[in-house]
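As a plain string of letters, each chain reads:
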Amino acid sequence: MSEIQDDILNEVTSGEYKYGFVSDIDTETIPKGLNEDVVRLISLKKNEPEFMLEFRLKAFRFWQTMKMPKWPHLKIPEINYQDIIFYAAPRQQAKYASLDEVDPELRATFDKLGIPLDEQKILSGVAVDVVMDSISVKTTFKETLAELGIIFCSMSEAVKEYPDLVKKYLGTVVPYTDNYFAALNSAVFSDGSFCYIPKGVRCPMELSTYFRINAANTGQFERTLLIADDESYVSYLEGCTAPMRDENQLHAAVVELIAMERAEIKYSTVQNWYPGDKNGKGGIFNFVTKRGICKGNYSKISWTQVETGSAITWKYPSCILRGDHTTGEFYSVAVTNNYQQADTGTKMMHIGKNSKSRIVSKGISAGRSNNSYRGLVKVMKNAENARNFSQCDSLLLGSKCGAHTFPYIEVDNQTAKIEHEATTSKIGEDQIFYCNQRGISTEDAVGLIVNGYVREVINQLPMEFAVEAQKLLQISLEGSVG
Amino acid sequence: MLKITNLRTSINGKEILKGIDLEVKAGEVHAIMGPNGSGKSTLASVLAGRDIYEVTEGTVEYEGEDLLDLTPEVRARKGIFLGFQYPIEIPGVSMASFLRTAVNEHRKFKALAPLSASDFLKIMREKKEMVEIDSNLTNRSVNEGFSGGEKKKNEIFQMALLEPKLAILDETDSGLDIDALRIVANGVNKLKTAENATIVITHYQRLLDYIVPDFVHVLYNGRIVKTGTKELAFELEERGYDWIKKESDLKLNGEDVKI
Ligand SMILES: Nc1ncnc2c1ncn2[C@@H]1O[C@H](COP(=O)(O)OP(=O)(O)OP(=O)(O)O)[C@@H](O)[C@H]1O
Ligand SMILES: [Mg+2]
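Here the structure is a predicted model, which means the values were calculated and not measured. (Residues numbered from 1 in each chain as written. Chains lettered and ligands numbered in written order. Predicted model: local features only at pLDDT ≥ 70, side-chain atom pairs only at ≥ 80, totals over all residues. Heavy atoms only, no water.)

1. Details of a positive patch on the surface
All names here are of chain A.
Part 1 of the argument: A cluster of like positive charges, contributed by Lys168, Lys199, Lys295 and Arg322, occupies part of the molecular surface.
Part 2 of the argument: Its location among the elements puts Lys199 in the loop between strand 6 (193-197) and strand 7 (206-212).
Part 3 of the argument: We classify Lys199 as exposed; its relative accessible area is 56%. (Patch = residues over 30% accessible without salt bridge, like charges linked within 9 Å, V, L, I, M, F, W, Y side chains within 5 Å. Areas by Shrake-Rupley, 256 points an atom, 1.4 Å probe, with all protein chains shown as cover. Salt bridge = Lys/Arg side-chain N within 4 Å of Asp/Glu carboxyl O. Lys, Arg positive; Asp, Glu negative; His and termini not counted. Charge placed at Lys NZ, Arg CZ, Asp CG, Glu CD. Helix = DSSP H or I, 4+ residues; strand = E, 2+ residues; numbered from the N terminus. Buried < 20%, exposed > 50% of the residue type's maximum accessible area, 1.4 Å probe, protein only.)

2. Quick word on the site of ligand 1
Residue and element names in this part refer to chain B.
Part 1 of the argument: Lining the immediate environment of ligand 1, one finds 15 residues, of which Gly37, Lys40, Ser41, Thr42 and His203 sit closest.
Part 2 of the argument: Within the side chain of Gln85, one N or O atom sits 3.0 Å away from an oxygen atom of ligand 1.
Part 3 of the argument: The protein chains hide 66% of the 630 Å² of surface that ligand 1 would expose on its own.
Part 4 of the argument: Breaking the shell around ligand 1 down by element, the ones donating at least two residues are strand 2 (14-24) and helix 1 (40-48).
Part 5 of the argument: Per-element accounting of the shell around ligand 1 gives the leading share, three residues, to helix 1.
Part 6 of the argument: The residue makeup of the shell around ligand 1, split by class, is four nonpolar, eight polar and three charged. (Near = heavy atom within 4 Å. Polar contact = N/O pair within 3.5 Å; in protein donor to acceptor, adjacent residues only side chain to side chain. Nonpolar A, V, L, I, M, F, W, Y, C, P; charged D, E, K, R; others polar.)

3. So, the side chain of Lys18(B)
Residues and elements named next belong to chain B.
Part 1 of the argument: Inspection of the secondary structure puts Lys18 in strand 2.
Part 2 of the argument: Here Lys18 is buried and forms no salt bridge, its nearest opposite-charge partner Glu15 lying at an N-O distance of 5.7 Å.
Part 3 of the argument: Among the polar contacts made by the side chain of Lys18, one reaches the side chain of Asn221 at a distance of 2.9 Å.
Part 4 of the argument: Setting aside residues up to four positions removed in sequence, Lys18 forms contacts with Leu7, Arg8, Asn221, Gly222 and Arg223. (Contact = heavy atoms within 4.5 Å.)

4. Considering a negative patch on the surface
Part 1 of the argument: On the surface, Glu23(B), Glu61(B), Asp66(B) and Asp69(B) cluster together into a negatively charged patch.
Part 2 of the argument: Position of Glu23(B) relative to the elements: it lies in strand 2.

5. Considerations on the pairing of strand 3 (residues 29-33) of chain B
Residue and element names in this part refer to chain B.
Part 1 of the argument: When you tally the buried positions in strand 3, you get five out of five residues, the bulk of the element.
Part 2 of the argument: Of the two faces of strand 3, the one lined by Val29, Ala31 and Met33 and the one lined by His30 and Ile32 are each fully buried.
Part 3 of the argument: Bridging between strand 3 and strand 10 (residues 197-201) involves four bridges; their strand directions are parallel. Paired with Ala31 across the strands is Val200, a residue of strand 10.
Part 4 of the argument: Pairing of strand 3 with strand 11 (residues 215-220) involves four bridges; the strand directions are parallel. (Pairing = 2+ DSSP bridges.)

6. Remarks on the interface of chain A and chain B
Part 1 of the argument: Listed as interface residues are 19 residues of chain A and, on the opposing side, 33 residues of chain B.
Part 2 of the argument: Of all residues in chain A, Phe433(A), Tyr434(A) and Arg438(A) give up the largest surface area on contact with chain B, accounting jointly for 35% of the area buried on that side.
Part 3 of the argument: Across the chain A-chain B interface, the total number found is one salt bridge.
Part 4 of the argument: The partner of Glu155(B) in a salt bridge is Arg438(A), and the shortest N-O contact between them spans 2.7 Å.
Part 5 of the argument: Summed over the shared surface of chain A and chain B, the number is 11 residue pairs in polar contact (both at pLDDT 80 or more).
Part 6 of the argument: Of all the secondary structure elements, the ones that give two or more residues to the side of chain A that touches chain B are helix 10 (429-437) and helix 11 (442-458) of chain A.
Part 7 of the argument: The leading source of residues in the side of chain A that touches chain B is helix 10 of chain A, at eight residues.
Part 8 of the argument: Grouping the constituent residues of the side of chain A that touches chain B by class yields seven nonpolar, seven polar and five charged. (Buried area = accessible area lost by both parts, 1.4 Å probe.)

7. Focus: the environment of Gly64(B)
Part 1 of the argument: Structurally, Gly64(B) can be placed in the loop between strand 4 (54-62) and strand 5 (65-66).
Part 2 of the argument: Taking the C-alpha atoms as reference, Gly64(B) lies 7.5 Å from Met1(B); in sequence the two are 63 residues apart.

8. So, the coordination of the magnesium ion (ligand 2)
Part 1 of the argument: Of the protein atoms, only Ser41(B) (OG) and Gln85(B) (OE1) coordinate the magnesium ion (ligand 2), at distances of 2.0 to 2.1 Å. In this pair, Ser41(B) is assigned in helix 1 and Gln85(B) in the loop between strand 6 (80-83) and strand 7 (90-94), connecting sequence segments 44 residues apart. (Donors = N, O, S within 2.8 Å, 3.2 Å for Na, K, Ca; no water.)

9. Side note on helix 2 (residues 36-45) of chain A
Residue and element names in this part refer to chain A.
Part 1 of the argument: The complete set of buried residues in helix 2 reads Val38, Val39, Ile42 and Ser43. Down the axis of helix 2, the buried set is contained in an arc of 140 degrees. They therefore lie on one face. Among the exposed residues of helix 2, those oriented more than 90 degrees off its buried face are Asp37 and Leu44.
Part 2 of the argument: The inward-facing, buried residues of helix 2 contact helix 3 (50-64) and helix 9 (180-188).
Part 3 of the argument: Capping the start of helix 2, Asn35 holds a side-chain oxygen 2.9 Å from the backbone nitrogen of Asp37, two or three residues further along.
Part 4 of the argument: Of the residues trailing helix 2, Asn47 is marked for its positive phi of about 55 degrees. (Arc of directions from axis to C-beta.)

10. A word on the confidence of the model for chain B
Residues and elements named next belong to chain B.
Part 1 of the argument: Model confidence for chain B is summarised by a mean pLDDT of 91, while 98% of its residues fall at 70 or above.
Part 2 of the argument: Within chain B, the lowest mean pLDDT, 82, falls on helix 9 (residues 242-252), and the highest, 98, falls on strand 6.
Part 3 of the argument: Across the interface, the model reports ipTM at 0.95; the global pTM reads 0.75. (pLDDT = per-residue confidence, 0-100.)

11. Some details on the sheet that holds strand 4 of chain B
All names here are of chain B.
Part 1 of the argument: If you walk across this open sheet you meet the four strands as 2-1-4-5, and the pairing is antiparallel. Pairing within the sheet leaves two strands with one partner each, and these edge strands are strand 2 and strand 5.
Part 2 of the argument: Pairing geometry for strand 1 (residues 2-11) and strand 2, over eight bridges, is antiparallel. Paired with Ile11 across the two strands is Lys14, which belongs to strand 2.
Part 3 of the argument: Contacts from helix 1 reach strand 1, strand 2 and strand 4, with the element oriented near 110 degrees to strand 1. (Axes fitted to C-alpha atoms, helices over the stretch in contact; angles between N-to-C directions.)

12. Some words on the nonpolar core
Proteins that are soluble and globular tend to have nonpolar side chains buried together.
Part 1 of the argument: The biggest cluster of nonpolar side chains holds 108 residues, and the ones touching the most others in it are Ile364(A), Val450(A), Leu2(B), Ile4(B), Phe98(B), Leu166(B) and Ile168(B).
Part 2 of the argument: When residues in this core are grouped by element, the largest group, nine residues, is from helix 11 of chain A.
Part 3 of the argument: Filtering out sequence-adjacent residues up to four positions away, Leu2(B) remains in contact with Leu22(B), Glu23(B), Val24(B), Leu47(B), Val60(B), Glu61(B), Tyr62(B), Leu67(B), Leu166(B) and Ile199(B).
Part 4 of the argument: Val38(A), Val39(A), Tyr196(A) and Leu225(A) belong to the second largest nonpolar core, which has 50 residues in total. (Core = buried A, V, L, I, M, F, W, Y, C linked by side-chain atoms within 4.5 Å.)

13. With respect to the side chain of Thr308(A)
Part 1 of the argument: Note on placement: Thr308(A) falls in the loop between strand 14 (300-307) and strand 15 (312-315).
Part 2 of the argument: Aside from chain neighbours lying at most four places away, what touches Thr308(A) is Gln271(A), Asn272(A), Val335(A), Gln340(A), Leu472(A), Leu473(A) and Ser476(A).

14. Remarks on the confidence of the model for chain A
Residue and element names in this part refer to chain A.
Part 1 of the argument: Summing up the model confidence of chain A, the mean pLDDT is 79 and the portion of residues at 70 or higher is 74%.
Part 2 of the argument: Taken as a whole, residues 91-98 scores under 50 in pLDDT and shows 12 contacts with residues more than four places along the chain or in a different chain.
Part 3 of the argument: Predicted confidence is poor over residues 134-139, with pLDDT under 50, and the contacts of this stretch with residues over four places away or in other chains come to 31 contacts.

15. Quick notes on the sheet that holds strand 12 (residues 223-228) of chain B
The strands that make up a sheet pair up through hydrogen bonds in the backbone, lying either parallel or antiparallel.
Residues and elements named next belong to chain B.
Part 1 of the argument: Taken together, six strands build an open sheet; the order of strands is 6-9-10-3-11-12 and the sheet is mixed. The sheet is open, and its two edges are formed by strand 6 and strand 12, each paired on a single side. The sheet shows a mean angle of 20 degrees between the axes of neighbouring strands, taken without regard to direction.
Part 2 of the argument: The strands touched by helix 1 are strand 3, strand 6, strand 9 (166-170), strand 10 and strand 11; relative to strand 9, the strand with the most contacts, the crossing angle is about 145 degrees.

16. With respect to the packing of helix 3 (residues 95-109) of chain B against helix 5 (residues 148-162) of chain B
Packed helices, taken two at a time, are described by the angle their axes make and the gap between the axes.
All names here are of chain B.
Part 1 of the argument: Taken N-terminus to C-terminus, the directions of helix 3 and helix 5 make an angle of 35 degrees; their axes are 10 Å apart at the nearest point. Read as a crossing pair, helix 3 and helix 5 show a hand that is right-handed. Here helix 3 contributes Met95, Phe98, Leu99, Ala102, Val103 and His106 to the contact with helix 5, which in turn contributes Asn154, Phe157, Gln158, Leu161 and Leu162.
Part 2 of the argument: Its residues assigned to classes, the contact of helix 3 with helix 5 shows eight nonpolar, three polar and no charged. (Left-handed = near helix turned anticlockwise from the far one by under 90°.)

17. Quick look at unusual backbone geometry
Residues and elements named next belong to chain B.
Part 1 of the argument: Although it is not a glycine, Asn6 sits at a positive phi angle of roughly 45 degrees.
Part 2 of the argument: Mapped onto the elements, Asn6 comes out in strand 1.
Part 3 of the argument: The class for Asn6 is partly exposed, based on a relative accessible area of 27%.
Part 4 of the argument: Residue Glu171 is not a glycine yet carries a positive backbone phi of 50 degrees.
Part 5 of the argument: With respect to the helices and strands, Glu171 occurs in the loop between strand 9 and helix 6 (178-191).
Part 6 of the argument: Residue classification places Glu171 among the buried residues on the basis of a relative accessible area of 8%.

And the structure:
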């Protein structure tokens, strides 16, 4: 029976990557490899102030003393850092007077990605900052946002225009000493997004960034810094794609969120990096450090992620619940297919009194993939009445894939209340047949079952992205279940 | 409508159906009875297209077409409905989205536009009344946590929504209380027309008081060993299967006897 099921699975899961086109854009790159001169060159190319160069150099020197970490459930091939290009930028004028000046090839790329830089997005109320390879191509809506005092721009711009804010907050949530990839990112980050929401302001639209790795042999190291001042609110979405390439590409981002008193940050990710082909060749290595701090009392940070791409994913969006009455949330759907590997989860650090956290993780494995949830809930000594609820579910499609759950709980305060639930289920052949018998094709049946399974997480996404995420799930499991 | 000729199927090399012949015409109701393990559910599954069974010999013609050539979903869209002996639970999938998808697939196949959410809800309400099903059930996940009887009622509810040409009801009566049995039978009778046909698999003559069959077949050891009218059902109720088993075992040995 399992053999038959696997056959059907193979059929359904062999859906191919639909974002794998390469844009033929004139790109400016620097030579391959990494050393102190390269770090200086990046900083120079970007016209950075002195403090940024120092930040980079400190991080680089620290990185040189570190070793790549090893994880039990990921098989990571050796990465040769001398073979990676650390800076690639579409060669154009820095600013456009109008959209007509944007490279038509680049605009066509965005159209293919479904991210028009024009009126369509204005209608749907999304402000988009697009990071292609290393530099931010264009930020729309800046004016509308500026009227409210909201700053939403590329990181390079922020470094120059708002050096005080950058200096004050950059590296405070994820210091460069945090881990190997955070150190690497701090040394060579090329661009990313910066966002500041002033006191009492509710950002009226979804802020959105699209990342795309286009040039060959490049790494993408973007850096996002988001600060929500007292009593402000912002919902932020990032989406990621990459063309199909035989070689592996490295993506090592750092995201830092800071929520002040009574502020709320909702951070959603739809990640669809190229996962490699059916045989596991190529694909993005996605090693990302994402962390938010609920600094002020009554603040809230909510991470939602839908991860369907990358050959290897290693990421744990986390919350430091430092203020009292703070709330951290993590909603995740991670899909792995073919030879993909994912090790993802979250860390909730309860420091403040009455802090609450909620974890809902839904793993879906198909093909020969491996999907692990790794989560830490830590309650510190002074965190009176901390509460955590965790739900970790795994769904297996077929019998050659794996799902693993590693919940770690450390409690130093007796008043804490921690609940953990976990389930593993399998889409059964009998469920599929039941659907077939009602006229529903196998593919649609899988879609129905998967959508039902992930509903709780998808519901957390802004409406239009929820639809997109559902389509993505369908695509990444296409041909995959029996 | 349906013509089964010398159908033989096996699973994991074990032969279950050993040469079935059966013809069902539009407007007819056929009852299939028989001891446990005789192959009734297997026959129903093979007709619905369950591919764990291997068809080793024989043909099945449905509306002039080779049925065995069609995928299960196409068979369903062409009007074959199987009421499962053990309905399957699908956690996380609401009855409403499941049924709306199913109904719209049927409509697409007939080149009809999909139903809007409100039209669908209206039709669902009508059918719910018809089978007197608790309206809360449709807000829940497919069959999840349904009681045995609720699952069976739910099968008839789905049948009412999908309006099949050929309904195969596998022990839909077992596990139903007396009122539910009447409701389910009424539902089946209301859906009966001159164009469609029903095969009811049952162990109890009682159901046949409500759904009156044109033919009663006895399936034993992978073969239809006896065919009669509803009187046969009464006789089985009274005498059990032993006499039929003996008769057919002897027949297999080449002796033509009547007991
Ligand atoms: N997957 C399977 N593997 C092995 N044997 C099977 C399988 N499915 C059915 N069988 C066998 O086939 C025979 C017929 O089973 P089937 O379910 O068709 O009987 P039935 O007439 O419906 O019985 P009941 O009245 O108990 O529902 C039984 O002996 C059963 O054990
Ligand atoms: Mg049976």
